[in-house]
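Letter by letter, the chains look like this.
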Amino acid sequence: MILQGLDLMEKHGFTKLKNKKVGLVINYSFVNKNMEDGIEIMLKNGVDIRKIFTPEHGLYGLADGVEYSDQIHPVYNIPIISLYGKHKKPTQEMLEDIDILVYDIQDVGLRFYTFIYTLANTMISAQENSKKIIILDRINPVGRIVFGSRIKKDYSTFVGGYELPLRYGLTPGELAKYYKKYLDLDLDLEIIPIEGWKGESFENTKLKWNIPSPSLPTFDCTLAYSGTCLIEGTNVSEGRGTPKPFCFVGAPWIDENILYKFIKEKFPYLILRKRYFIPNSSKYQGELCKGIEFFPEIKDNFTIVAVQIIRHLIQQRGEFEFRKYIDRGSQTQRDHIENLLGEDKKIFFENDDTYLTEWYKSSQDFINFCEDILLYGGLKQWKI
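What you are looking at is a predicted structure, and each value in this text was computed from that prediction instead of being measured.

Looking at the overall build of the protein chain
Line of reasoning, step 1. Within the protein chain, the secondary structure is distributed over 10 helices and 14 strands.
Line of reasoning, step 2. A globule of 384 residues ought to have a C-alpha radius of gyration of about 21 Å, and the protein chain, at 21 Å, matches this closely.
Line of reasoning, step 3. Here the C-alpha coordinates of the protein chain stretch approximately 65 × 45 × 45 Å along the principal axes.
Line of reasoning, step 4. Here the protein chain, with 384 residues, has 60% of them falling under the buried criterion.
Line of reasoning, step 5. Once local pairs closer than 6 in sequence are excluded, the contacts in the protein chain between residues at least 24 apart make up 71%.
Line of reasoning, step 6. Accessible area of the protein chain: about 15800 Å², with a carbon and sulfur share of 48%.

Structure, rendered in structure tokens:
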């Protein structure tokens, strides 16, 4: 049986939090092995929760990219502080009546997931305000595989930073140790590790799928998201607003027959079908899109699939284009695909795979850097 950080803390009666004023950094994924609400469990065990800090999507699962304001929990009357609005990290004033911060948010092991930057910001704030932080660790659902180049510093945004590779193989607890080492943070950090997990991906555990965000309702969607998130940087729908975000890819102007034939010839092992769909939100809301639907498996490298799809659409010389992105922090603007890739988008215009050589070297550098922070065995590089 796998017991994650919250399960172990519950098992030991939350003794580490007794007589402490606690600030939780959580979202809707804060549940135990029986899918029971972590806030309720803590309160029943006498934990003094003073504030709840929440990342993108808040405590209830708001839509992607929606900023929101502070509020009061409707049941427990506890202040809920937004870390995805005016503030991206806890301020000194927010932490004045807090003794200890507890972070527990389900991650997906991919660099463009904003929760991991909320973790970094919380740790920086903890150092600045001399607060201890405890990470209740959770599995990395896509396992211990590392893939992609470490993001270049010049491309850092809230969807990529700290020289992380695209797929980094760490748990939230290990990622916290990475941040502490990488940023040379001087803070009191404690990890409540996972018990019984050996690095296997989600489908090989007996855990329930703990939805990480509204657009990742299934593990299949998460596997596809590891690559088709790059489609987000284009004017092609990545399936947001459909029953299977990131498994659907299409647009009103795409010839689904040509796209399907291309993918099947390039990746004969992939399971997919032609698909017509109408998004109820996001790109092409209310419009009929023509494209494909993926049925992902753990062996599929969707980053490579996405690169090839974008190359193909560029060569079709149709209505395809890259989308711009304005970073909320720096207000700099560039093609969003470059924020997601972490480098110049030129690889999409070159019909060879020489970029993989640099990616392999860079991801191995990351693995080497992480050797002394790992809690669950070694990381492995994914080579095509």
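Observations concerning the pairing of strand β8 (residues 189-192)
Line of reasoning, step 1. Burial along β8 is two-sided: the face carrying Leu-189 and Ile-191 and the face carrying Glu-190 and Ile-192 are both buried.
Line of reasoning, step 2. As judged from the 4 bridges shared by strand β6 (residues 132-136) and β8, these two strands associate in the parallel manner. Its bridge partner lying in β8, Ile-135 is registered against Ile-191.

Overview of the environment of Leu-136
Line of reasoning, step 1. Within the secondary structure, Leu-136 is located in strand β6.
Line of reasoning, step 2. Not counting chain neighbours up to four residues away, the residues in contact with Leu-136 comprise Gly-5, Leu-6, Met-9, Phe-30, Met-42, Val-102, Tyr-103, Asp-104 and Ile-192.

Some points on the packing of aromatic side chains
Line of reasoning, step 1. Scanning the model with the defined rule gives 27 aromatic pairs in all.
Line of reasoning, step 2. Centre to centre, the rings of Tyr-113 and Phe-115 are 4.9 Å apart; their planes meet at 70°, and the pair counts as edge-to-face. The two residues Tyr-113 and Phe-115 agree in class, both being buried.
Line of reasoning, step 3. Look at Tyr-182 and Phe-369: their rings are 6.5 Å apart centre to centre, the planes differ by 75°, and that puts the pair in the edge-to-face class. Residue Tyr-182 is found in helix α5 (residues 172-182), and its partner Phe-369 is found in helix α10 (residues 355-369); the two are separated by 187 residues along the sequence.
Line of reasoning, step 4. Accessibility expressed as a relative area gives 24% for Phe-369, which makes it partly exposed.

Observations concerning unusual backbone geometry
Line of reasoning, step 1. Although it is not a glycine, Met-35 adopts a positive phi angle of roughly 65°.
Line of reasoning, step 2. With respect to the helices and strands, the residue Met-35 is situated in the loop between β1 (21-26) and α2 (38-44).
Line of reasoning, step 3. On the basis of relative accessibility, which here comes to 38%, the residue Met-35 falls in the partly exposed class.
Line of reasoning, step 4. In the Ramachandran plot, Asn-77 falls in the positive-phi region, its phi being about 60° despite a non-glycine side chain.

Looking at the pairing of strand β4 (residues 79-82)
Line of reasoning, step 1. Pairing of strand β2 (residues 48-54) with β4, which is carried by 3 bridges, proceeds in the parallel orientation. Residue pairing across strands places Ile-52 opposite Ile-80, the latter belonging to β4.
Line of reasoning, step 2. Bridge count between strand β3 (residues 71-72) and β4: 2 bridges; the pairing is antiparallel. What sits directly across from Ile-72, in β4, is Pro-79.
Line of reasoning, step 3. Between β3 and β4, which pair antiparallel and follow one another directly, the connecting turn spans 6 residues, one of which, Asn-77, has a positive phi of 60°.

Comments concerning the side chain of Arg-138
Line of reasoning, step 1. Counting through the fold element by element, Arg-138 comes out in the loop between β6 and β7 (145-146).
Line of reasoning, step 2. From its side chain, Arg-138 meets the backbone oxygen of Val-31 in a polar contact 2.7 Å long.
Line of reasoning, step 3. Within the structure, Arg-138 has its side chain in polar contact with the side chain of Asp-104 (distance 2.5 Å).
Line of reasoning, step 4. What Arg-138 contacts, discounting residues up to four positions off in sequence, is Gln-4, Leu-6, Ser-29, Phe-30, Val-31, Asp-104, Ile-105, Gln-106, Thr-171, Pro-172, Ile-194 and Asn-210.

A few points about the nonpolar core
Line of reasoning, step 1. Tyr-178, Tyr-179, Ile-263 and Phe-294 are the most contacted members of the largest nonpolar core, which has 93 residues in total.
Line of reasoning, step 2. For Tyr-179, the residues in contact, after removing those within four places along its chain, are Ile-116, Tyr-117, Leu-119, Ala-120, Met-123, Tyr-162, Leu-164, Asp-184 and Leu-185.
Line of reasoning, step 3. Membership of the second largest hydrophobic core comes to 24 residues, among which are Leu-24, Met-42, Val-47 and Ile-80.

Some thoughts on α5
Line of reasoning, step 1. Along α5, the residues that are buried comprise Pro-172, Gly-173, Glu-174, Leu-175, Ala-176, Tyr-178 and Tyr-179.
Line of reasoning, step 2. Directly after α5, the chain includes Asp-184, whose backbone phi takes a positive value near 55°.

A few points about the sheet that holds strand β9 (residues 248-251)
Line of reasoning, step 1. Pairing is antiparallel in the open sheet, where 3 strands are placed in the order β9-β11-β10. Each edge of the sheet is formed by a strand with only one pairing partner; in this case those strands are β9 and β10 (272-277). With direction set aside, neighbouring strand axes in the sheet form an average angle of 25°.
Line of reasoning, step 2. Direction of pairing for β9 relative to strand β11 (residues 289-294): antiparallel, over a ladder of 4 bridges. When the bridges of β11 are listed, Ala-251 appears paired with Lys-290.
Line of reasoning, step 3. Sheet contacts for helix α7 (residues 256-266): β10 and β11; angle to β10, the most-contacted strand, approximately 155°.

Cut-offs used in this document
Residues numbered from 1 in each chain as written. Predicted model: local features only at pLDDT ≥ 70, side-chain atom pairs only at ≥ 80, totals over all residues. Heavy atoms only, no water. Helix = DSSP H or I, 4+ residues; strand = E, 2+ residues; numbered from the N terminus. Rg over C-alpha atoms; globule rule 2.2 N^0.38 Å. Buried < 20%, exposed > 50% of the residue type's maximum accessible area, 1.4 Å probe, protein only. Contact = heavy atoms within 4.5 Å. Areas by Shrake-Rupley, 256 points an atom, 1.4 Å probe, with all protein chains shown as cover. Pairing = 2+ DSSP bridges. Phe/Tyr/Trp six-rings, centres within 6.5 Å; stacked < 30°, edge-to-face > 60°. Polar contact = N/O pair within 3.5 Å; in protein donor to acceptor, adjacent residues only side chain to side chain. Core = buried A, V, L, I, M, F, W, Y, C linked by side-chain atoms within 4.5 Å. Axes fitted to C-alpha atoms, helices over the stretch in contact; angles between N-to-C directions.

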